[in-house]
Amino acid sequence: MRAVSCLRGELSVLDLPAPRPAAGQLLLDVTRCGICGSDLHAKDHADELTEVMTAVQYEDFMRGDTPVVMGHEFCGEVVERGRGVTKEFRTGASVVSFPLLRADGGVHLTGLSPRAPGAYAEQVLAEAAMSFVVPNGLSPDVAALTEPMAVALHAVRRSDVGKRDVAVVIGCGPVGLAIICHLAALGVGTVIASDFSPGRRALAARCGAHVVVDPAVESPYDALADRRGMITSAPALYELGMGSMEKLRRVPGWSHLYRVADRLGAAGPKRPIVFECVGVPGMLDGIVAAAPLAAQVIVVGVCMGRDELRPAMAISKEIDMRFAFGYTPLEFRDTLYLLAEGKLDAGPLITGTVGLDGVAGAFAALRDPETHAKILIDPGSDARVG
């Protein structure tokens, strides 16, 4: 079969042996595979990522000096079932799969380990236990977005965001755009998106952002200034506390009123929820310094370098910071059904399709934020990006 191999930062189309499914596995003809931002990082910085993964005791992540077939955002048709796989996965069924594979005595990351070749290829292996038949005739283009949209769903769920909340999305690359799609699907009242790229700002609006900001011109937090209950400075917080107590102390049993307000979340500043989707050094400290008091920050962007943070600043503003990575099998399944039932619109993310011979050109094109967000690979196509 033909596949795209990555070695020392170079992408080459090779003829490789066709895989065979082991017990519990499916062999899929790849119909579509997305090019992920992590693939762009891994191509040129595999050894840095290997160091991180080794720290969490995964020793088989891809390395710069070892060839690997990438591709973990895929949809395919069942060609062959391994022993023990149920008839749910009939031949020809369209399937998406959680990108984990049993091989060589362990569980490996599909497309990010030489032990689990990915879907930049004509065929790929998948575990039946982690695979889902695509419902409702959902197109392969959109079905292949299940994986990145599941990443975004996990991040949104980590935030506990509600319809009355204000969400600020910093960075409108594929992850930020996917998060905006989910926030729109949830009906979040105000979604503010920030990106230097005019093209990405336009996509953010198409995905459902209510306010789109160029951070070179204005801060995304300026759009929060007229949101009642947002506190942006320490003196304002002090005045809120003092003024509230001056009024409450005139009421008999004031402490009971205070407790009720506290349980309802009305005793302190209203929190914005900030999704950091850039992943470059300095972003976290910049957000802590600029965000309103009591902001909740969900870190989704993967910073490849070391970063600095001023804890005293975060403490004085009581910033709540959470980190989000990956998704659960249930979130993966739920994302597929949100897409298939039309409750989640991910179509605006798709900006191009290439064949295997066009993958190297697609990687280059994706470095220009004005042109593309998500490029899909169709192994049966001869298309290339211009």
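Worth saying up front: this structure is predicted, and the values here are computed from it rather than measured. (Residues numbered from 1 in each chain as written. Predicted model: local features only at pLDDT ≥ 70, side-chain atom pairs only at ≥ 80, totals over all residues. Heavy atoms only, no water.)

A word on helix H3 (residues 146-159). Given a rise of 1.5 Å per residue, 14 residues ought to cover 20 Å, and the 20 Å separating the end C-alpha atoms of H3 matches this to within 8%. When you tally the buried positions in H3, you get 12 out of 14 residues, the bulk of the element. Three or more residues of H3 are buried, namely Thr146, Glu147, Pro148, Met149, Ala150, Val151, Ala152, Leu153, His154, Ala155, Val156 and Ser159. Within two residues after H3, Asp160 carries a phi angle of roughly 55°, on the positive side. (Helix = DSSP H or I, 4+ residues; strand = E, 2+ residues; numbered from the N terminus. Expected span 1.5 Å × (residues − 1). Buried < 20%, exposed > 50% of the residue type's maximum accessible area, 1.4 Å probe, protein only.)

Looking now at the UniProt feature "transmembrane region" (unreviewed entry) in the protein. Summarizing the sequence annotation, UniProt attributes the feature "transmembrane region" (unreviewed entry) to residues 166-193 in the numbering used throughout. Between the end C-alpha atoms of residues 166-193 the distance is 11 Å, and the span holds 46% helix and 32% strand. (UniProt positions renumbered as here; feature names shortened; annotations may be inferred.)

Time to look at the packing of aromatic side chains. Considering all chains together, one arrives at six aromatic pairs under this definition. Judged by centre distance (5.7 Å) and plane angle (50°), the ring pair of Phe98 and Phe332 falls under tilted. Here Phe98 is found in the loop between strand E5 (94-97) and strand E6 (100-103), whereas its partner Phe332 is found in helix H10 (residues 329-340), with 234 residues between them in sequence. The burial state of Phe98 is the same as that of Phe332; both residues are buried. Judged by centre distance (6.2 Å) and plane angle (85°), the rings of Tyr120 and Phe363 are edge-to-face. Taken together, the positions of Tyr120 in the loop between strand E7 (106-109) and strand E8 (123-127) and Phe363 in helix H11 (residues 359-365) put the pair 243 residues apart, joining distant regions of the chain. Overall, Tyr120 belongs to the buried group, its relative accessible area being 1%. When its relative accessible area of 2% is taken as the criterion, Phe363 is described as buried. (Phe/Tyr/Trp six-rings, centres within 6.5 Å; stacked < 30°, edge-to-face > 60°.)

A cluster of acidic side chains, namely Asp47, Glu48, Glu51 and Asp65, defines a negative patch on the protein surface. As for its placement among the helices and strands, Glu48 is situated in helix H1 (residues 37-55). (Patch = residues over 30% accessible without salt bridge, like charges linked within 9 Å, V, L, I, M, F, W, Y side chains within 5 Å. Areas by Shrake-Rupley, 256 points an atom, 1.4 Å probe, with all protein chains shown as cover. Salt bridge = Lys/Arg side-chain N within 4 Å of Asp/Glu carboxyl O. Lys, Arg positive; Asp, Glu negative; His and termini not counted. Charge placed at Lys NZ, Arg CZ, Asp CG, Glu CD.)

Turning to the pattern of salt bridges, a few remarks are in order. Evaluated as defined, the whole model comprises 16 salt bridges. A salt bridge links Arg367 to Asp44, with the nearest nitrogen and oxygen atoms 2.8 Å apart. In this pair, Arg367 is assigned in the loop between H11 and strand E17 (374-377) and Asp44 in helix H1, connecting sequence segments 323 residues apart. Residue class for Arg367 comes out partly exposed when judged on its relative accessible area of 48%. Overall, the relative accessible area of 40% leaves Asp44 in the partly exposed class. The shortest N-O distance in the salt bridge between Asp214 and Arg201 comes to 3.7 Å. Remark: Arg201 occurs in helix H5 (residues 198-207) and Asp214 occurs in the loop between strand E12 (211-213) and helix H6 (234-248); sequence separation between them is 13 residues. Take Arg201: its relative accessible area is 17%, and that puts it in the buried class.

Moving on to the layout of surface pockets. Of the volumes computed, that of the second largest pocket is approximately 370 Å³. Lining of the second largest pocket is provided by 17 residues; of these, Leu240, Ser244, Ala266, Ala267 and Gly268 occupy positions nearest its centre. Broken down by element, the lining of the second largest pocket gets its largest block of residues, six residues, from H6. A class-by-class count of the residues in the lining of the second largest pocket yields 11 nonpolar, five polar and one charged. (1 Å grid on protein atoms, 1.4 Å probe; cavity = no way out; pocket = protein on both sides within 12 Å on 5 of 7 lines; lining within 4 Å. Points joined across faces, edges and corners; volume = space filled by probe spheres on them. Nonpolar A, V, L, I, M, F, W, Y, C, P; charged D, E, K, R; others polar.)

The next subject is the pairing of strand E14 (residues 296-299). The two faces of E14 match: Gln296 and Ile298 on one face and Val297 and Val299 on the other face are all buried. Two strands pair when backbone bridges link them, and strand E13 (residues 272-276) and E14 are joined in this way by four bridges, in the parallel orientation. If you follow Ile273 over to E14, its bridge partner there is Gln296. Tracing the backbone out of E13, into helix H8 (residues 283-290) and back to the parallel element E14 gives a crossover that is right-handed. Bridge count for E14 against strand E15 (residues 320-323) is four bridges, and the pairing is parallel. Pairing of Gln296 across the sheet is with Asp320, part of E15. In this region the chain leaves E14, passes through helix H9 (residues 311-316) and returns to the parallel neighbour E15; the handedness of that crossover is right-handed. (Pairing = 2+ DSSP bridges. Right-handed = clockwise from strand over helix to strand, strands pointing away.)

Let us now look at the sheet that holds strand E10 (residues 166-170). Taken together, the six strands give an open sheet; going across it, the order is E12-E11-E10-E13-E14-E15, and neighbouring strands pair in parallel fashion. The open sheet has two edge strands with one neighbour each: E12 and E15. Direction aside, neighbouring strands of the sheet carry axes that sit 20° apart on average. (Axes fitted to C-alpha atoms, helices over the stretch in contact; angles between N-to-C directions.)

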